[in-house]
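Structural features, examined
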Amino acid sequence: MPSGANAPSVAEAQQLTYQPQPCQEAANAHVPDMGTYRALYKKSIEHPEEFWQEIASEFHWQTPPTGKLFDFNFDVTKGRVYVEFMKGAKTNICYNVLDRNVKEKNLGGKTAILWEGNLPTDHTTISYDHLLKQVCKFANVLKTLGVKKGDRVAIYLPMIPELVYAMLACARIGAVHSIVFAGFSSESLCERILDSQCAVLITADGAFRGEKVINLKEIADEAMAKAKEKAQFDVKDCIVVRHVDAKVNNQVKAKLQVHWNADVDRWWDELMMNSSEECEPEWLDAEDPLFILYTSGSTGKPKGVVHTVAGYLLYTALTFKYVFDYHDEDVYWCTADIGWITGHSYIVYGPLANGATTLMFEGVPIYPHVGRMWEIIEKYKVTKFYTAPTAIRLLMKYGPEVVNKYDLSSLKILGSVGEPINPDAWLWYYNVVGNGKCPIVDTFWQTETGGHVLTPLPAATPLKPGSATFPFFGVLPAILNEHGEELQGEAEGYLVFKKPWPAMMRTIYGNHERFESTYFKKFPGFYVAGDGCKRDKDGYFWITGRIDDMLNVSVREKIGPIATPDFIQNAPGLPKTRSGKIMRRVLRQIARNEKDLGDISTLADPMIVELLFSQRCEAAS
């Protein structure tokens, strides 16, 4: 594969196929070549029961799976849409990612989490044994506060170890966690608390964001007050982690002012002080809910995506193992926030299910200096690195000189997530960061899918810059035209899926009708991803963007004068969520020149709105 001065142009790269590197690691890869991939894929589609039973055999089942593996209906014209996987089997995901590793695999002394704080001087190492004890202690805290199976718990924390303790403690006792990204506003937090009726909220005194200190407790207080005002809903207990206060001497000059309501507020450390390190797991049905995670929502109220226990466990475990070709000696780093699905699946559940060492980063990519990301890779000798095209493009601006200051020779595999990676970023990532030696796994998936659905496998798949390549095991994609007809061969249209896979969403919390209408109504019998897709002559899949973000373009005679635009405004960028969805309601308000935009806390770049408003005025005049 060419690198450095001999690297191809972007246009040339799109026409090239990058063959997997013939390296020592390839011989030990879980999927070493395309022949193995095709055989496994065929088995997963034609004999799914046998395929998934083999995967399930690696995990602990209190009541083993028996009977029908998959039961589902994708056709809204034939009744209620549903997906069930291993229903009747009983397990616990916390037991499988912690107890199983400590007690059955003897990994108690192995590092589970490498935590790197906002500053390089702030870091800690957490073993599997320590993680299990902390999770059990907090699970007992929740039980003492009356939290039980099926209760919803809101978690509004920065990227600190307590976030992992809290989510796994919920999973241990059968409570349903709803993690809210700690950058969201009080309105967004309130909306999520009300929608899922969370009686317990877990937050921190504050959070670091580069040079800034954010008063999380103040935002949490505002959210609880709004919930009371809007719906007379009371959060019963608010558990607060001392985070900023604990780091005050190193990072900030003055303590945050924390308002305290003794009737509701509880300090995390005080609750944990005398809590037992032993907590029996709640054995849950395979189809019991594990968590609710709200999508950012491009058109209004966010959707509470529900994932269930067993299918999510097996799928995140398998995708992590195969897509990152995980081996015991690896040090793996996903730069996402756990407030997003990427963090759920590929910082916590997937890596821990494999007994991996996963790196958790509280800070931002360019603080306190622009080489922070590369410094961390060198410091921990990271072997597998997973980040977003947005971060890659940001770091590209500082040039290869910054990257070259650090020893990145430990890297074996690079990953991309969040949106299709543009070819020039792909080439920079491949040539500069990976030194032309590390395959890039450009993964396509969604909050709703739970895990990767289209992805290369690093030792097997020939790569095309910008393509998500082929489906993962058990995933059966298709491309439809506007009439719902399946297109064969080289084609472009709607990306859909014919069958369920274990980790796909089961419903929208409290609104199954919305679940059916959003994902299954347009093309009965198919799950509609909401993305456009093309398949090239070699069978590679390329994601072309959100279907609902496409515009019809035609001549005046066909569309009619009523649809003629008053004026056309060039836009340097669009209001997109962090997952790449265009917020169309914001565009409509800009078009109307109305400044009441509602909740825009999910915008990746809020400054783009001000820019579009200012340029609208220029275009209109």
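Here the structure is a predicted model, which means the values were calculated and not measured. (Residues numbered from 1 in each chain as written. Predicted model: local features only at pLDDT ≥ 70, side-chain atom pairs only at ≥ 80, totals over all residues. Heavy atoms only, no water.)

Section: the overall build of the protein chain
The line we're drawing: Here a helix means four or more residues in a row that DSSP labels H or I, a strand means two or more in a row labelled E, and each is numbered from the N terminus. Any pair of residues with heavy atoms lying within 4.5 Å of one another is described as a contacting pair. The protein chains shown are the only cover counted for residues, whose accessible areas, like all others here, come from Shrake-Rupley with a 1.4 Å probe.
Each helix and strand in the protein chain was counted, giving 21 helices and 26 strands. Contacts spanning at least 24 positions in sequence make up 74% of the contacts within the protein chain whose residues lie at least 6 apart. Accessible surface computed for the protein chain: about 25500 Å², of which carbon and sulfur atoms make up 50%.

A closer look at unusual backbone geometry
Y367 connects to P368 through a cis peptide bond whose omega is 0 degrees. Position of P368 among the secondary structure elements: in the loop between β17 (357-361) and α14 (372-380). A positive phi is found at Q232, a non-glycine position, where the angle reads about 55 degrees. Within the element layout of this structure, Q232 appears in the loop between α9 (216-231) and β11 (237-241). One non-glycine residue, D325, lies in positive phi territory at about 45 degrees. Mapped onto the elements of the fold, D325 is located in the loop between α12 (309-323) and β16 (331-334).

Topic: empty space enclosed by the protein
As a reminder of what qualifies: Put plainly, a pocket is an open set of points on a 1 Å grid over the protein atoms alone with protein on both sides within 12 Å along at least five of seven lines, a cavity is a set where a 1.4 Å probe fits but cannot get out, and a lining residue has an atom within 4 Å of a point. Grid points are joined across faces, edges and corners, and a volume is the space filled by probe spheres set on the points. Asp, Glu, Lys and Arg are counted as charged, while Ala, Val, Leu, Ile, Met, Phe, Trp, Tyr, Cys and Pro are counted as nonpolar; the rest, among them Gly, fall into the polar class.
In the structure shown here, the tally under the stated rule is one cavity of 30 Å³ or more. Along the walls of the largest cavity sit I179, V180, F181, F184, R192, L293, Y294, G339 and W340, which together make up its complete lining. For the lining of the largest cavity, the per-class residue count stands at seven nonpolar, one polar and one charged.

Topic: the sheet that holds strand β15 (residues 304-308)
The line we're drawing: Pairing between strands is defined by DSSP: at least two bridges between the two strands are required. Here an axis means a line fitted to C-alpha atoms, over the contact stretch when the element is a helix, while the angle between two N-to-C directions is reported on a 0 to 180 degree scale.
Judged by pairing direction, the sheet is mixed, and its eight strands sit side by side in the order β12-β11-β8-β6-β7-β14-β15-β24 without closing on themselves. With partners counted over all chains shown, the strands left at the sheet margins are β12 (265-267) and β24 (507-508), one partner each. Where β15 lies against β24, two bridges are found, and the strand directions are antiparallel. Counterpart to V306 in the pairing with β24 is T507. In the packing of α9 onto the sheet, contacts are made with β8 (200-204), β11 and β12, and the angle to β8 comes to roughly 155 degrees.

Section: the pattern of salt bridges
How we decide: Here, a salt bridge means any Lys or Arg side-chain nitrogen found within 4 Å of an Asp or Glu carboxyl oxygen. Throughout, exposure labels follow a simple rule: accessible area from a 1.4 Å probe, protein chains only, divided by the maximum for the residue type, with under 20% read as buried, over 50% as exposed, and the rest as partly exposed.
Summed over all chains, the structure comprises 31 salt bridges. E54 is the partner of K43 in a salt bridge, and the nearest nitrogen-oxygen pair spans 2.8 Å. Residue K43 is located in helix α3 (residues 34-46), and its partner E54 is located in helix α4 (residues 48-56); the two are separated by 11 residues in the primary sequence. Two residues, E482 and K522, come together in a salt bridge whose shortest N-O distance is 3.2 Å. Of this pair, E482 sits in the loop between β21 (477-480) and β22 (486-487) while K522 sits in the loop between α18 (512-519) and β25 (527-535), and the two are 40 residues apart along the sequence. On the basis of relative accessible area, K522 is assigned to the partly exposed category, the value being 42%.

Some remarks on the pairing of strand β19 (residues 413-416)
We apply this condition: Seen with its strands pointing away from the viewer, a crossover is right-handed if its path from the first strand over the helix to the second goes clockwise.
Here β19 shows two buried faces, one formed by I413 and G415 and the other by L414 and S416. Pairing geometry for strand β18 (residues 384-387) and β19, over four bridges, is parallel. Looking across to β19, one finds that T387 is bridged to S416. With three bridges joining them, β19 and strand β20 (residues 440-442) adopt parallel strand pairing. The partner of L414 across the bridge, within β20, is I440. Note that the unit made of β19, helix α17 (residues 423-433) and β20 has a crossover that is right-handed.

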